[in-house]
Amino acid sequence: MRQFIESVKIALAALWANKLRTTLTLIGMIIGVATIIAIVSLITGMNQYVAAEIDQLGATTFIVDKEGIITSEETWWERMKRKKLTVEDMNEVAAGCQGCEYVGGREMTMRKVKAGNRYVNDVFIMGSTANYPQIVNFEIEQGHYPTEADNEHRRPVAFIGYDIIDELFPGMSHIGKTITISGQEYSVIGNGKRRGSTLGNSHDNYVIIPLSTFEKQFGQRRSLDIFVKARSFEGIASAQDEVRMTMRARHKLKYADADDFEIFTAGDIMSMWENFSRGAFIVMIGISSISLIVGGIVIMNIMLVSVTERTREIGIRKAIGARKASVMWQFLSEALTLSVLGGAVGILGGIAVGQGLSALSGIPMGIEIWSIVAGILVSGGIGTVFGVYPAMKAARLDPIEALRYE
Amino acid sequence: MLIKTENLWKTYNMGGEELHALRGVTFCIDKGEYVAIMGPSGSGKSTLMNLIGCLDTPSKGTYQLNGRQVASMNDDELAFIRNKEIGFVFQTFNLLPRATALHNVELPLIYNGTTAETRIDLAKRALEMVDLADRMMHRPNQLSGGQRQRVAIARALVNNPSLILADEPTGNLDTKTGVEIMGVFDRLHEAGNTIIIVTHEHDVAQYANRIVHIRDGQIEREESGRKRAA
Ligand SMILES: Nc1ncnc2c1ncn2[C@@H]1O[C@H](COP(=O)(O)OP(=O)(O)O)[C@@H](O)[C@H]1O
Ligand SMILES: [Mg+2]
């Protein structure tokens, strides 16, 4: 141990004396470890984000819609040709489902929203049923959500998000004020809690109006997304079966026909995300292992140069009694010091890159202790593996020849 | 008897041709002796020194150091002997260029597990013995040739070895500095150390109390040195 500390001190002094060479030597190692740290941090952050989104949707909620989760261009083209889902479908589903606590629906479009001479572009305009907040854990701050009666009477009432308040009614009250969407006036009846943004997308950039009002103003050609909250977590599957039966009957599908609509849960979105992040991990391992191997080879090379340059030193050490193992250990601990130093810089670099990307993209970032430990272990392992050959070469030098080396 | 060699041969294989650097060297050295090995360049002095110093093993023959048979030892056993029993002084000093005088002198102690405190203590004492107490923190390039050789001598002493070996220790020094260095060896001898020096200079050999002449890998003759009085 004492000898190890001694060796590390010698190694650090040698590395410090050759700062430029050290930096160049360590670039591969730094990139490799930084890649691990940055990607693990971002994926961890994304996991937290996805988990939060799914939490929002709720564990007992599932969605019935025309497209489902699109994973390829072909499925998109195919699913675009399907029959759209309608308010009648929603009502039949609600009527024929014992396991469903709530059945609601929503349609969306993007419009410009005005109030007086102020306006906001590209606002999500959503028409929804009155039970939507119960289905997706939506939190109301002031006023109320469009009611059953608002829906029935197609009232022009609007429930707005904080971006609209900030832009159209800065520093003043908004309840009861009028906003205009595509020429139609709406009266503001409430607003949701501020939710912030992720991935650069604001979650407060919305205006919600009754579904019937939406269809009256924007037409009925859009397909309805039906949101269902099952009575219990265990009951999700049977509730989904009931919904599927109703929809297949309405679309007059034969026994052998596949569904022409999609049913999915938050869990399905989660597993899709997990597939994606698994892919990202594989890419990461690819990138980082290439740079780590390159880094290892560079370290081996620099250690071989070092052994040659210090042949005489090795001869001196052997002449005064250094055993093979001592010399081996000295050079191995230099390689180890070098690579772990690279690993440490890589960890700091990876955290910095992760934080930078996180700031740019809005993806939250989570630093995982295990990835830091892995970074140190991997860089140390690489240093050891690639340091063995040069260290062995040093240890095997003949003392007389080494002393004679010029 | 400290050293006893019998019929030592060292043969190098030079591209199929055998080169006999030593051809049957037999001699003994007692504890406390001061021996000079003299001979022309290429006569095998360094080869013999390397065998005595356990840096190398003979091709043939036996070598006993302090009663132990050395000729058949493996690398690590030889390293142990070099560390414990032998102090080397080289013509080219062979100090670690980036290390201080103190650290250079400490080095042999690092390889036998001496604790840091004792190490520094012993190294300081060795440097005092060669009158370099005030240069401990200097690196070799901050020292004169004579001072460097004194650091090397301190390093050879620090482990209190049975034997101090010096291969042309004054070869890289001017005459005046050479005389100073030989004075240091004199003092060490008076303090009870056994010393063997290799030289091709007649004047230098005269410091020893026994001179062994070698030529073509064989002992030619022996004489006693007319050890100069101070
Ligand atoms: N490693 C070696 N390989 C081949 N020949 C060597 C080697 N070392 C020494 N010799 C040869 O052995 C002879 C004795 O060399 P050395 O002991 O160095 O002589 P000295 O020290 O007396 O000048 C020389 O002819 C030299 O060339
Ligand atoms: Mg010689």
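Residues numbered from 1 in each chain as written. Chains lettered and ligands numbered in written order. Predicted model: local features only at pLDDT ≥ 70, side-chain atom pairs only at ≥ 80, totals over all residues. Heavy atoms only, no water.

Enquirer: Describe the interface of chain A and chain B, naming the residues involved and giving the relevant values.
Expert: How big an interface is tends to be stated in terms of the accessible area lost upon association of its parts. Listed per partner, the contact involves 20 residues of chain A and 25 residues of chain B. Buried area between chain A and chain B, both sides added, is near 2100 Å², and the carbon and sulfur share of it is 57%. Counting the contacts that link chain A with chain B gives one salt bridge. Linking Lys324(A) and Asp75(B) is a salt bridge whose minimum nitrogen-to-oxygen distance equals 3.2 Å. In this assembly, chain A and chain B are joined by seven residue pairs in polar contact (both at pLDDT 80 or more). For the side of chain A that touches chain B, the elements supplying multiple residues, two or more each, are helix H1 (2-17), helix H11 (311-319), helix H12 (324-361) and helix H14 (399-404) of chain A. In terms of residue count, H11(A) provides more of the side of chain A that touches chain B than any other element does, six residues in total. In the side of chain A that touches chain B, the residues fall into seven nonpolar, four polar and nine charged. (Contact = heavy atoms within 4.5 Å. Buried area = accessible area lost by both parts, 1.4 Å probe. Salt bridge = Lys/Arg side-chain N within 4 Å of Asp/Glu carboxyl O. Polar contact = N/O pair within 3.5 Å; in protein donor to acceptor, adjacent residues only side chain to side chain. Helix = DSSP H or I, 4+ residues; strand = E, 2+ residues; numbered from the N terminus. Nonpolar A, V, L, I, M, F, W, Y, C, P; charged D, E, K, R; others polar.)

Enquirer: Residue-level account of the environment of Ala166(B), with values.
Expert: Assignment of secondary structure puts Ala166(B) in strand S7 (residues 163-167). Sequence separation between Ala166(B) and Arg148(B) is 18 residues; the distance between their C-alpha atoms is 14 Å.

Enquirer: An account of the confidence of the model for chain B is needed here, citing residue identities and associated values.
Expert: Segments scoring low in pLDDT should not have their predicted coordinates read at a detailed level. In the predicted model, chain B carries a mean pLDDT of 93, and the fraction of residues at 70 or more is 98%. As scored by the predictor, the complex reaches a pTM of 0.74 and an ipTM of 0.94. (pLDDT = per-residue confidence, 0-100.)

Enquirer: Please provide a residue-by-residue account of the state of the cysteines, values included.
Expert: Residue and element names in this part refer to chain B. If you walk through the whole model with that rule in mind, you get one disulfide over all chains. With no disulfide of its own, cysteine 28 lies 16 Å from the sulfur of cysteine 54, the closest cysteine sulfur. Judged by relative accessible area, cysteine 28 falls into the partly exposed class, the value being 30%. The class for cysteine 54 is buried, based on a relative accessible area of 0%. (Disulfide = S-S within 2.5 Å. Buried < 20%, exposed > 50% of the residue type's maximum accessible area, 1.4 Å probe, protein only.)

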